[in-house]
Amino acid sequence: MEDYAIFTPEMKETHTILIPNMLPIQFRLLISVFESYGYHFALLESESRTVVEEGLKNVHNDTCYPALLCIGQFMEALKSGKYDPNKTALMLPQTGGGCRASNYIHLLRKCLRDTFPQVPVISLNFVGLEKDPRNGWRMTMPMIIRGIYSIIYGDMLMTLYNQCRSYELVKGSSKKKLDKWIRIMEKELRKGNYTNTKKYYRAMLKDFAKIERSSVPRIKVGIVGEIYVKYSPLANNHLEDFLISEGCEPVVPSMLEFILYWAINKYNDARLYGRYTKATPVYHMIFRMFYAKQREVIREMTAHGVFTPPHDFEKMRASVSRYIGQGVNMGEGWLIPAEMGALAESGTENIICTQPFGCLPNHIIAKGMSRAIKEYYPNANIIAIDYDPGATRVNQENRIKLMLANAKTAQMQ
Ligand code: SF4
């Protein structure tokens, strides 16, 4: 058995679990679910330069940028004096795919070995990656289901927030509404009141629609790319805020799309490579279940008629076969071209593809696919922006400004 600290069942009472803030809205709701099971959590939000410096100090500099940032943020938090290392555990989200992310946890444990050997690391995954029987972190089925609901509600809030804040007439009114709904949903999820999705969606839609908004159209800019850099403001230098400041509307695909992508890949792998197991029909069932949830969101938003619903996952999946096979599922795989195609088709022709340093798969299926997308959507204005410890924010923003200048010219023609 490997020699590292284990999160024992007793630590549930004594330890605070630190988790990087990958999805600012969804993770707040997710944490409220975990806390309702008796765990104590803290979301890491530090964005100081020390995070990058700690990352560079603790991992090899050819490690992918998301790993560098997560590990840097953990090390910075442990050294900050804010958390007692004897009463702190770290949680790292893992998808369990074939990519390097599945090894980050070993990298993190290696970093802790000399400085904080007593700090246990928990893997947040839905596929049972950590099989150590001493492990006190247990993801039960009800907990997983409630966690997924928190992501679905978080996605809805993220979508409504982004569709309101670029148009709000009273500055800060969308943020106020968002905070109000995060508080409501945290409470409801803690109490276990989460299954009546229609009731909550309708109330959210009605409430967000009350925000006074300008009717002057804004340039819509889609954000796709590697999952951590796409969502995390630390990693993408507050890309959504920057786009708002430039008078645009950011269009960010939901996290549920990634979950659907993950579930259908398990089924596709079995189908494509003849690797059927007992789990194969279960993954397919999970996929159908969550796809039904996405259909419900689309139906409710369409019926309400004010906001733009997310892209139908199955339509997106059917059209992606024009550019790439669904066996390409390293990293974010075929999901990136699928999202780019769906954005271009629905009129969001300006697309930023966020690419972390060291991420070979996503360079191939994102930057490498933009030409194929443009063959179908000649007006697509796609740029790939690199995020790495050495890239300056000014440089990234200048490239985006250049892209927006093209978008404005196209809009006037
Ligand atoms: S998808 Fe890219 S960033 Fe993520 S683990 Fe793989 S190589 Fe690293």
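Residues numbered from 1 in each chain as written. Predicted model: local features only at pLDDT ≥ 70, side-chain atom pairs only at ≥ 80, totals over all residues. Heavy atoms only, no water.

### Quick look at the overall build of the protein
In step 1: For the protein, the count of helices and strands is 17 helices and 8 strands.
In step 2: Against the globule reference of 22 Å for 413 residues, the protein gives a C-alpha radius of gyration of 21 Å, in line with a compact fold.
In step 3: Along the first, second and third principal axes, the C-alpha set of the protein runs to 65 × 50 × 45 Å.
In step 4: Counting the 413 residues in the protein, one finds 55% classified as buried.
In step 5: A fraction of 75% describes how many contacts in the protein between residues 6 or more apart in sequence connect residues 24 or more apart. (Helix = DSSP H or I, 4+ residues; strand = E, 2+ residues; numbered from the N terminus. Rg over C-alpha atoms; globule rule 2.2 N^0.38 Å. Buried < 20%, exposed > 50% of the residue type's maximum accessible area, 1.4 Å probe, protein only. Contact = heavy atoms within 4.5 Å.)

### Describing empty space enclosed by the protein
In this approach, a probe sized like a water molecule rolls over the atoms, and the result shows the empty space that is left.
In step 1: For the coordinates displayed, the defined rule picks out 1 cavity of 30 Å³ or more.
In step 2: Lining of the largest cavity is provided by Asn-236, Asn-237, Leu-239, Phe-242, Tyr-387, Arg-393, Gln-396, Glu-397 and Ile-400.
In step 3: Elements with a minimum of two residues in the lining of the largest cavity: helix H10 (239-245) and helix H17 (393-412).
In step 4: For the lining of the largest cavity, the element with the highest residue contribution is H17, accounting for 4 residues.
In step 5: Per-class residue counts for the lining of the largest cavity are 4 nonpolar, 3 polar and 2 charged. (1 Å grid on protein atoms, 1.4 Å probe; cavity = no way out; pocket = protein on both sides within 12 Å on 5 of 7 lines; lining within 4 Å. Points joined across faces, edges and corners; volume = space filled by probe spheres on them. Nonpolar A, V, L, I, M, F, W, Y, C, P; charged D, E, K, R; others polar.)

### Some words on the nonpolar core
In step 1: Grouped together as the largest cluster of nonpolar side chains are 138 residues, with contacts concentrated most on Phe-34, Trp-137, Tyr-153 and Phe-313.
In step 2: For this core, the element with the most residues is helix H6 (residues 141-165), which contributes 13 residues.
In step 3: Both domains that meet at this core, namely domain 1 (11-138) and domain 2 (217-412), each give it at least three residues.
In step 4: Not counting chain neighbours up to four residues away, the residues in contact with Tyr-153 comprise Leu-29, Met-185, Leu-189, Tyr-194, Asn-196, Thr-197, Tyr-200, Tyr-201 and Met-204. (Core = buried A, V, L, I, M, F, W, Y, C linked by side-chain atoms within 4.5 Å. Domains from an automatic or database assignment.)

### A word on the site of the ligand
In step 1: Close to the ligand lie 14 residues; Cys-64, Cys-99, Ala-101, Tyr-104 and Cys-359 are nearest.
In step 2: Looking at the shell around the ligand residue by residue, the class counts come to 8 nonpolar, 3 polar and 3 charged.
In step 3: Counting contributing residues per domain, the shell around the ligand is built from domain 1 (11-138) and domain 2 (217-412), each supplying no fewer than three. (Near = heavy atom within 4 Å.)

### Observations regarding the packing of aromatic side chains
In step 1: One pass over the structure, following the stated rule, counts 16 aromatic pairs.
In step 2: When the centroid spacing of 5.6 Å and the interplanar angle of 85° are considered together, the rings of Tyr-153 and Tyr-200 count as edge-to-face. On the criterion of sequence distance, the pair formed by Tyr-153 in helix H6 and Tyr-200 in helix H8 (residues 197-209) is long-range, its members being 47 residues apart.
In step 3: One aromatic cluster is present, built from ring pairs that chain together Phe-258, Tyr-261, Phe-287, Tyr-291, Phe-313 and Trp-334.
In step 4: Over the ring of Tyr-39 we find Lys-12; its NZ or CZ atom is 4.8 Å from the centre of that ring. (Phe/Tyr/Trp six-rings, centres within 6.5 Å; stacked < 30°, edge-to-face > 60°. Lys NZ or Arg CZ within 6 Å of the ring centre and 35° of its normal.)

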